[in-house]
Each structure stands twice: as structure tokens, then as C-alpha cells.
Amino acid sequence: MAYSNDRLSRIKIPVSELKNSLYCCEKVDFCIFRPNASVDVKIDLSVIYKSLYRYIYPVHIEEDKVYGIDVYNVLKDSIQDIVSRANEEGEGVNLRPFRLLWEHKKMWKERIAKLNGLFLTAYEIENEIEIIENKARIIFMLALKYQITWRNSILQRIMNYLKEIEVKDKVWSHAVLEVIGKSLN
């Protein structure tokens, strides 16, 4: 499944196209990530506020599920488990969580850009989320590299980036929450 001519459809693609699809640009026939900018959606700040609040202060209803900012702890613990078993036979990582982290940050970057265009004037927030999104992309690329090389030094770099963006994520999300909270009052 991929986007082709602005429609999600099942198509056969060459590997080179798949590699290029990681980054949306006008030169490819399809793209894995593409927000639909043509859809006119009424923005409800109270819904955004509640969602962001739950992201920052997650409440876990089910023990085996994690949400919001707590995802970083699970990712770091998982990486640490792999590093601690480094003396044993090599172990790969599941790339999906790292891809999802990157896509999540890409979506937030798009949302913040939209909100900045409407009512937010804090461009430093937009710059911060862009930095976070870029570092999440680096984490995904490092995870890919680890799958090929199985070098534990790459896992340590992933850990460092995760710690860094977790801190930045908390800062920008609190800042946006504060701005939206003031707008609601």
C-alpha cells in the first residue's frame, strides 16, 4: 500500500523507489508519509489541549500498553536489554517502533506548522519540533544501520538521541500546552 496520484492503493514498486519514498519529494511516484493538506478541518483547541495533556501526563489503563512520553522509557529499556545481552549471539532490533517514533514527530511538525499559521506565534517551538523530528529520523536510520552491522556503539548512539529528544519533547510540549491553555481561557 502506498500513495499514488494522491490515493492510497496497492502497487508494485522497485526497491529504489521504496528507498526514495522515505522522504517525500516531487520526484517520486508515491510517498509513504503524506499529510492531506487539501482537507479543511475545523481546529478544536480543547481537543488538542486534552490530547497533548494526555501525551505529557499519560494514564495507563492497561498494564501492558504504554502511551505518550512514557514510550521513551520503553524504547530505552529495550535498547538497554539488547546491549546487556551483547556478549551473547547478535540480536537485531524491531525497526517499527523507531519508524513510528519518526512518523509521530513528522506529524507533530506538520501540526505545529499548521497551528503556527493560525494562532501560535512561537516560532522557536516550530524550530524545536523540527530538530526533534530530524533526530527521530536519525534514530531510525541508526536502527537500520544497526540491523546491518550489529555494532553496539550504534545502540549507544540511539540511546543518546532518545534521551536528548525526550528532554526536548517535554520542553516543547509543555510550551505548546501552556500557549493553548492561555488561548482557551
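One structure accompanies this document, and this report is about it. (Residues numbered from 1 in each chain as written. Predicted model: local features only at pLDDT ≥ 70, side-chain atom pairs only at ≥ 80, totals over all residues. Heavy atoms only, no water.)

Moving on, we come to the packing of helix 3 (residues 71–84) against helix 6 (residues 152–184). Viewed as axis vectors pointing N to C, helix 3 and helix 6 meet at an angle of 165°, and their least axial separation amounts to 10 Å. Taken together, the axis directions place helix 3 and helix 6 in an arrangement best described as roughly antiparallel. For the crossing formed where helix 3 meets helix 6, the hand is left-handed. Side by side, helix 3 and helix 6 meet where Tyr72, Asn73, Leu75, Lys76, Ile79, Gln80, Ile82 and Val83 of the first sit next to Leu155, Ile158, Met159, Leu162, Lys163, Ile165, Glu166 and Asp169 of the second. (Axes fitted to C-alpha atoms, helices over the stretch in contact; angles between N-to-C directions. Helix = DSSP H or I, 4+ residues; strand = E, 2+ residues; numbered from the N terminus. Parallel < 35°, antiparallel > 145°, perpendicular 65-115°, else oblique. Left-handed = near helix turned anticlockwise from the far one by under 90°. Contact = heavy atoms within 4.5 Å.)

Right, let's talk about the packing of aromatic side chains for a bit. On inspection of all chains with the given rule, the structure shows 4 aromatic pairs. With 4.8 Å between their ring centres and 50° between their planes, tyrosine 53 and tyrosine 57 make a pair best called tilted. On the basis of relative accessible area, tyrosine 57 is assigned to the partly exposed category, the value being 39%. Every member of this aromatic cluster is reached through a ring pair, and the members are Tyr49, Tyr53 and Tyr57. Sitting over the ring of phenylalanine 140, arginine 99 keeps its end group 5.6 Å from the ring centre. Above the face of the tryptophan 108 ring, arginine 111 is positioned so that its terminal group lies 5.1 Å from the ring centre. (Phe/Tyr/Trp six-rings, centres within 6.5 Å; stacked < 30°, edge-to-face > 60°. Buried < 20%, exposed > 50% of the residue type's maximum accessible area, 1.4 Å probe, protein only. Lys NZ or Arg CZ within 6 Å of the ring centre and 35° of its normal.)

Where side chains of opposite charge bring their charged atoms close, a pairing between them can arise. Going through the model one piece at a time under the given rule, you end up with 8 salt bridges. Glutamate 166 serves as the salt-bridge partner of lysine 76, at 2.5 Å between the closest nitrogen and oxygen. Of the two residues, lysine 76 is situated in helix 3 and glutamate 166 in helix 6; the sequence distance between them amounts to 90 residues. Given the relative accessible area of 14%, lysine 76 is considered buried. Judged by its relative accessible area of 8%, glutamate 166 is buried. Across the pair glutamate 133 and lysine 109 runs a salt bridge, and its minimum N-O distance is 3.4 Å. (Salt bridge = Lys/Arg side-chain N within 4 Å of Asp/Glu carboxyl O.)

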